Amino acid sequence: MAEAILVFITAGSEAEAAQISSALLEARLAACVNRVSGVHSEFWWQGARDTASEALLLAKTRRDLWPRVLETIRSVHSYEVFEAIAVPIIEGSPEYLKWIEESTAPDIQS
């Protein structure tokens, strides 16, 4: 079975989050994308503290798709430096993990 990953992505608006989610799903680069509204982010940017209201996306996909996932996010994201962080899913419901594999880009599954 392919290695499943969870990708955290922040977006500057609900519209941008919807656009990123749609791009990933249309390309079959994610089996599911959850969208969490109203995220309050605090961070350092260009030497100063800053804050932003953002939307958080949680995308379930396969590790072998990561380069395509990142490129797709980059193609629609408005941020110069955007958050796209992949973490391994080390355990999960076998049925759910199988569903992630079956629901994503079948043309390049290993």
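Residues numbered from 1 in each chain as written. Predicted model: local features only at pLDDT ≥ 70, side-chain atom pairs only at ≥ 80, totals over all residues. Heavy atoms only, no water.

Lay out the pattern of salt bridges with the relevant residues and their values.
Following the criterion strictly, the structure yields six salt bridges and no others. The partner of Glu 102 in a salt bridge is Lys 98, with the nearest N and O atoms 3.3 Å apart. Here Lys 98 and Glu 102 lie together in helix 3 (residues 94-103), a separation of four residues that amounts to about one turn. Residue Glu 102 is classed as partly exposed on the basis of its relative accessible area of 48%. The partly exposed category is assigned to Lys 98, whose relative accessible area is 44%. (Salt bridge = Lys/Arg side-chain N within 4 Å of Asp/Glu carboxyl O. Helix = DSSP H or I, 4+ residues; strand = E, 2+ residues; numbered from the N terminus. Buried < 20%, exposed > 50% of the residue type's maximum accessible area, 1.4 Å probe, protein only.)

Which residues make up the layout of surface pockets, and what are the values?
A volume near 290 Å³ is recorded for the largest pocket. Lining the largest pocket are 14 residues, with Phe 43, Trp 45, Glu 54, Tyr 79 and Val 81 positioned closest to its centre. At the level of secondary structure, the elements contributing two or more residues to the lining of the largest pocket comprise strand 2 (32-45) and strand 3 (48-62). Among the residues making up the lining of the largest pocket, the classes are represented as seven nonpolar, three polar and four charged. (1 Å grid on protein atoms, 1.4 Å probe; cavity = no way out; pocket = protein on both sides within 12 Å on 5 of 7 lines; lining within 4 Å. Points joined across faces, edges and corners; volume = space filled by probe spheres on them. Nonpolar A, V, L, I, M, F, W, Y, C, P; charged D, E, K, R; others polar.)

Before we move on, can you summarise the pairing of strand 2 with the specific residues and values?
Pairing of strand 2 with strand 3 involves twelve bridges; the strand directions are antiparallel. Pairing of Glu 42 across the sheet is with Thr 51, part of strand 3. Once strand 2 ends, the chain turns through two residues before running back antiparallel as strand 3, passing Gln 46 with a positive phi of about 50°. (Pairing = 2+ DSSP bridges.)

Would you mind going over helix 3 in detail, with residue names and values included?
Of the residues making up helix 3, those classed as buried are Leu 97, Ile 100, Glu 101 and Ser 103. Packing partners of the buried residues in helix 3 comprise strand 1 (4-11) and strand 3. (Contact = heavy atoms within 4.5 Å.)

Explain the side chain of Ser 103 to me, and be specific about the residues and the numbers.
With respect to the helices and strands, Ser 103 occurs in helix 3. With a relative accessible area of 16%, Ser 103 lands in the buried category. Each residue touching Ser 103, except ones within four places of it in the same chain, is listed here: Arg 28, Ala 30 and Ala 31.

Give me the lowdown on the nonpolar core, citing residues and values where you can.
Grouped together as the largest cluster of nonpolar side chains are 19 residues, with contacts concentrated most on Ile 9, Ile 20, Leu 24, Leu 57, Ala 59, Val 69 and Ile 73. For this core, the secondary structure elements donating two or more residues are strand 1, helix 1 (14-26), strand 3 and helix 2 (66-76). With four residues, strand 1 is the largest single contributor of residues to this core. Among residues more than four places away in sequence, those in contact with Leu 24 are Ile 9, Leu 29, Ala 30, Ala 59, Val 69, Thr 72 and Ile 73. (Core = buried A, V, L, I, M, F, W, Y, C linked by side-chain atoms within 4.5 Å.)

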